[in-house]
Amino acid sequence: ASLEQKEKELSSAAVVISQLRNEATTSHHLHDSSHKMFDSELESARGQIEFLASERSSCKGDTTYLKEMHQEEKLLMEKNLLEKDILLREKSVEIEELSNKLACLEESRESYTRETSAAAVRERHLWARSERKYDALQVVRSNIQQLSIELNFIRCEFVSAMAEIKQN
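Residues numbered from 1 in each chain as written. Predicted model: local features only at pLDDT ≥ 70, side-chain atom pairs only at ≥ 80, totals over all residues. Heavy atoms only, no water.

S.K.: It is not clear to me how the overall build of the protein chain should be interpreted in this structure. Could you clarify?
M.R.: Helices and strands together make up the secondary structure of the protein chain, namely 1 helix and 0 strands. Taking 2.2 N^0.38 as the reference for a compact globule, 168 residues should give roughly 15 Å; the C-alpha atoms of the protein chain span a radius of gyration of 61 Å, well beyond that estimate. Each principal axis of the C-alpha distribution contributes one length, and for the protein chain these read about 180 × 80 × 25 Å. Residues counted as buried form 0% of the 168 residues belonging to the protein chain. In the protein chain, 24 side chains carry a positive charge and 31 a negative one; their mean positions are 9 Å apart. (Helix = DSSP H or I, 4+ residues; strand = E, 2+ residues; numbered from the N terminus. Rg over C-alpha atoms; globule rule 2.2 N^0.38 Å. Buried < 20%, exposed > 50% of the residue type's maximum accessible area, 1.4 Å probe, protein only. Lys, Arg positive; Asp, Glu negative; His and termini not counted. Charge placed at Lys NZ, Arg CZ, Asp CG, Glu CD.)

So this is what it looks like as structure tokens:
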């Protein structure tokens, strides 16, 4: 009986050992799989670190470049301001000259206005005279039109009379 019991225990122990081996194999596979995944994540992290280091280096270069560009822009802006200041002074001189010319032109305009007002009075007299002549001309035109109508009427009577004479 003890031999059978020992065989059952041995058989039972063999099953337990087989289960432990299967669990160990599965655990080993899981460990290998986890280890591979960890290695992969580690490689990915290294790649990201290298990329970020490269980006940081690039940014440092960009910062240096931007500082240089800022300095160049500042110098260019100062140059532009100086040029605009010179241009402003030149324009101020031109404005003063034009103001003086404007004052002379205003004086000339006042003198011209006095002369033209006298000429306007003469023009109104001439205009009134020309209107009277125009009115007289319209009367003559009207008379000519009336005479033309009468002449056409006489022509018609003449043609009619000639036609009667030819018939008789």
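S.K.: Which parts of the structure should I look at to understand a nonpolar patch on the surface?
M.R.: Taken together, the side chains of Tyr134, Leu137, Val140 and Ile144 define a hydrophobic patch exposed on the protein surface, amounting to about 370 Å² of accessible area. Here Ile144 shows up in helix α1 (residues 2-167). (Patch = residues over 30% accessible without salt bridge, like charges linked within 9 Å, V, L, I, M, F, W, Y side chains within 5 Å. Areas by Shrake-Rupley, 256 points an atom, 1.4 Å probe, with all protein chains shown as cover. Salt bridge = Lys/Arg side-chain N within 4 Å of Asp/Glu carboxyl O.)

S.K.: Sorry if this is basic, but what is going on with the pattern of salt bridges here?
M.R.: Between side chains of opposite charge, a pair can form when the charged atoms approach closely. Applying the stated rule across the entire model yields 4 salt bridges. For Glu43, the salt bridge goes to Arg46, with nearest N and O atoms at 2.8 Å. With Glu43 and Arg46 both in helix α1 and 3 residues apart, the pair spans about one turn of that helix. Note that Lys79 and Glu83 form a salt bridge whose closest N and O atoms lie 4.0 Å from each other. With Lys79 and Glu83 both in helix α1, this residue pair falls 4 residues apart, about one helical turn. Overall, the relative accessible area of 47% leaves Lys79 in the partly exposed class.

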